[in-house]
Amino acid sequence: MSTESEMVNAHDPVLQGSTPHVMLSAQHLAPFRVHTVFPAGTVDVRLPKVVGMSEGGSVRLTHPDCVLYRIPNALQHAGSSAIRIGGRAAFFTKLGRLAANKEQFKDVDLVGWNASVVVLRDPVRIIDVGSAFSLLGVHASHWAHFLVQFLPKLLFAMPLIEAAGTLVIRSDCDGHIRSIIRACLPPQVQIVEADPRTDCVRFTELLHCTEVAYLCDHADYTSITDIVIPELTRSAIRDVMLSLGDANANANANAGDAATNESRDLYVAFDGERGPVNGAEVQAYFEQKGYLVVRPHLLDIREKIRLFANAERVVGVGSSGLMNAFFSRQPLKMLAFINYERAFDTLGAQMTDQYPTLDSHLFVGTRVGPAGINSRYTIEMPALDQAARTLGF
């Protein structure tokens, strides 16, 4: 067995409270395969239009297959993407792409790994369920990751979920995620919640879907090969979001002039570390243009969907808030502020094949302080003003 010093990401000097497991490959899971959602293949990925840097284009990337499994006697930590099978074996699908060489998985239960061994923290508390589908994972409670990497799993596995009658989710999923899940589920399906800080779920039969898309998970920088959203996954995201958008676009239409006269230009406020240091100045600039300032995560989900389904222009930091633009079926312009390390984040650009009337642009700020995936930056206001006028914002 490989030593701890040969492990990737093994931070603990002594692996106390953790257990090494034999790393299983997809071949080991062949007896548990139900069916293939989509085969391994290639997908044309659109490149982003970056103000002053890039006019777009495309590149063809590869992706693994996506498979549904029925795995007996499995355990999964609520906040982990690794699955324990049997006594001392584990399966970790996120190692399936070369981007794993630079990703920081933020998987607190994944202590370390190499080609043959994965070391996982021992469970604190175990929740027993029968046959159930797992929507657990590191980023399953994060809005953008949920929409791209987890919601499609729910849709692809719906017949299995309906038959099993149970779905397992993270307990820290917010009300918006829960609303989307419940809108998609048959009413008879029970939802079991697991706390990512403490819980490990033990399944008599785990219904598991492998990765439906790959995002750049906390890497030091993004490159054009990191983010891969296969065609079927993109279409599934579009179909659900447009269905919800259509249902809410005309909500409150009889409430008077408030909805009728409401601005269709939205500025998505952002208070996190990835925003520009002169964010207040940038926000004031767009407020003067008549943009309505919104904080999507604080809105009622029906109100959020209605606002974005009716929007014509959306501006803000390149973050989860801009994912709400995909509720809109109508022509939409989107401008996202980003740091240099995210200049080739292709998530929005990849979705433009499903949203042909979406005109999306990235605006790169000038770095302030140390480099890194969440480096701070300032938006040069003269350059922003010129770009806004040229691009129609």
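Scroll up to find the structure this text is about.
Note that this is a predicted model, so its numbers are computed, not measured. (Residues numbered from 1 in each chain as written. Predicted model: local features only at pLDDT ≥ 70, side-chain atom pairs only at ≥ 80, totals over all residues. Heavy atoms only, no water.)

Chemist: Report on helix α1 (residues 143-156), specifying residues and quantitative values.
Modeler: Counted at 1.5 Å a residue, the expected span for α1 with its 14 residues is 20 Å, and the 19 Å between its end C-alpha atoms agrees. Its maximal kink placed at F150, α1 deviates by approximately 40 degrees, while the proline P152 follows within four residues. (Helix = DSSP H or I, 4+ residues; strand = E, 2+ residues; numbered from the N terminus. Expected span 1.5 Å × (residues − 1). Bend = angle between axes of the 7 residues up to and from the residue.)

Chemist: Break down empty space enclosed by the protein for me, with residues and values.
Modeler: Summed over all chains, the structure comprises three cavities of 30 Å³ or more. The calculated volume of the largest cavity comes to roughly 100 Å³. In terms of lining, the largest cavity is formed by 13 residues, of which the most central are Q76, L136, K153, H208 and E211. Secondary-structure elements contributing two or more residues to the lining of the largest cavity are β12 (125-134), α1 and β15 (199-209). Counted by class, the lining of the largest cavity contains four nonpolar, six polar and three charged residues. (1 Å grid on protein atoms, 1.4 Å probe; cavity = no way out; pocket = protein on both sides within 12 Å on 5 of 7 lines; lining within 4 Å. Points joined across faces, edges and corners; volume = space filled by probe spheres on them. Nonpolar A, V, L, I, M, F, W, Y, C, P; charged D, E, K, R; others polar.)

Chemist: Residue-level account of helix α4 (residues 231-248), with values.
Modeler: Compared with an ideal rise of 1.5 Å per residue, which puts 18 residues at 26 Å, α4 spans 26 Å between its outermost C-alpha atoms and is within 8% of the ideal. All of the buried residues along α4 are T233, R234, S235, A236, I237, V240, M241, L242, L244, G245 and N248. The inward-facing, buried residues of α4 abut β2 (33-38), β3 (41-46), α1, α3 (175-184), α7 (301-309) and α8 (347-350). (Buried < 20%, exposed > 50% of the residue type's maximum accessible area, 1.4 Å probe, protein only. Contact = heavy atoms within 4.5 Å.)

Chemist: Account for the state of the cysteines, naming residues and giving values.
Modeler: Counted by the stated rule, this structure contains zero disulfides. Cysteine C66 remains unbridged, with the sulfur of C209 as its closest cysteine sulfur at 3.5 Å. Look at C66 and you get buried, because its relative accessible area is 0%. (Disulfide = S-S within 2.5 Å.)

Chemist: Tell me about the nonpolar core, and name the residues and values.
Modeler: The biggest cluster of nonpolar side chains holds 68 residues, and the ones touching the most others in it are F133, L135, F146, L154, L167 and I181. Residue contributions to this core peak at nine residues, all from α1. Not counting the four nearest positions on each side in its chain, L135 is found in contact with A140, F146, F150, K153, L154, L167, V168, I169 and I181. (Core = buried A, V, L, I, M, F, W, Y, C linked by side-chain atoms within 4.5 Å.)

Chemist: So what's going on with the sheet that holds strand β18 (residues 313-317)? Which residues, and what values?
Modeler: The seven strands lie next to each other as β5-β4-β20-β19-β18-β16-β17, forming an open sheet whose pairing is mixed. The sheet is open, and its two edges are formed by β5 (54-55) and β17 (292-294), each paired on a single side. Here four bridges tie strand β16 (residues 265-268) to β18, and the two strands are oriented parallel to one another. Within β18, the position partnered with V268 by the bridge is G316. Running at roughly 170 degrees to β16, helix α6 (residues 279-288) makes contact with β16, β17, β18 and β19 (332-338) of the sheet. Most of the contacts of helix α9 (residues 381-391) go to strand β20 (residues 358-364), to which it runs at about 170 degrees, and overall it touches β19 and β20. (Pairing = 2+ DSSP bridges. Axes fitted to C-alpha atoms, helices over the stretch in contact; angles between N-to-C directions.)

Chemist: Can you explain the pairing of strand β10 (residues 110-113)? Please cite residues and give values.
Modeler: For β10 and strand β11 (residues 117-121), the ladder comprises three bridges, and the chain directions are antiparallel. Its bridge partner being in β11, G112 is matched across the sheet by V119. Linking β10 back to β11 in an antiparallel pair, the connection comprises three residues.

Chemist: Any chance you could break down the packing of α4 against α7 for me, citing the residues and the numbers?
Modeler: At their nearest, the axes of α4 and α7 sit 8 Å apart, and the two run at 95 degrees to each other. The angle between α4 and α7 falls in the class roughly perpendicular. Judged by residue contacts, L244, G245 and N248 of α4 engage R302, I305, R306 and A309 from α7. The residue inventory of the contact of α4 with α7, partitioned by class, reads three nonpolar, two polar and two charged. (Parallel < 35°, antiparallel > 145°, perpendicular 65-115°, else oblique.)

Chemist: Quick one: what's the story with a nonpolar patch on the surface, residue by residue and with numbers?
Modeler: A contiguous nonpolar patch, built from M53, Y340 and F344 and spanning about 300 Å² of accessible area, is present on the exposed surface. When you line up the elements, M53 lands in the loop between β4 (49-50) and β5. M53 sits in the partly exposed class, given a relative accessible area of 42%. (Patch = residues over 30% accessible without salt bridge, like charges linked within 9 Å, V, L, I, M, F, W, Y side chains within 5 Å. Areas by Shrake-Rupley, 256 points an atom, 1.4 Å probe, with all protein chains shown as cover. Salt bridge = Lys/Arg side-chain N within 4 Å of Asp/Glu carboxyl O.)

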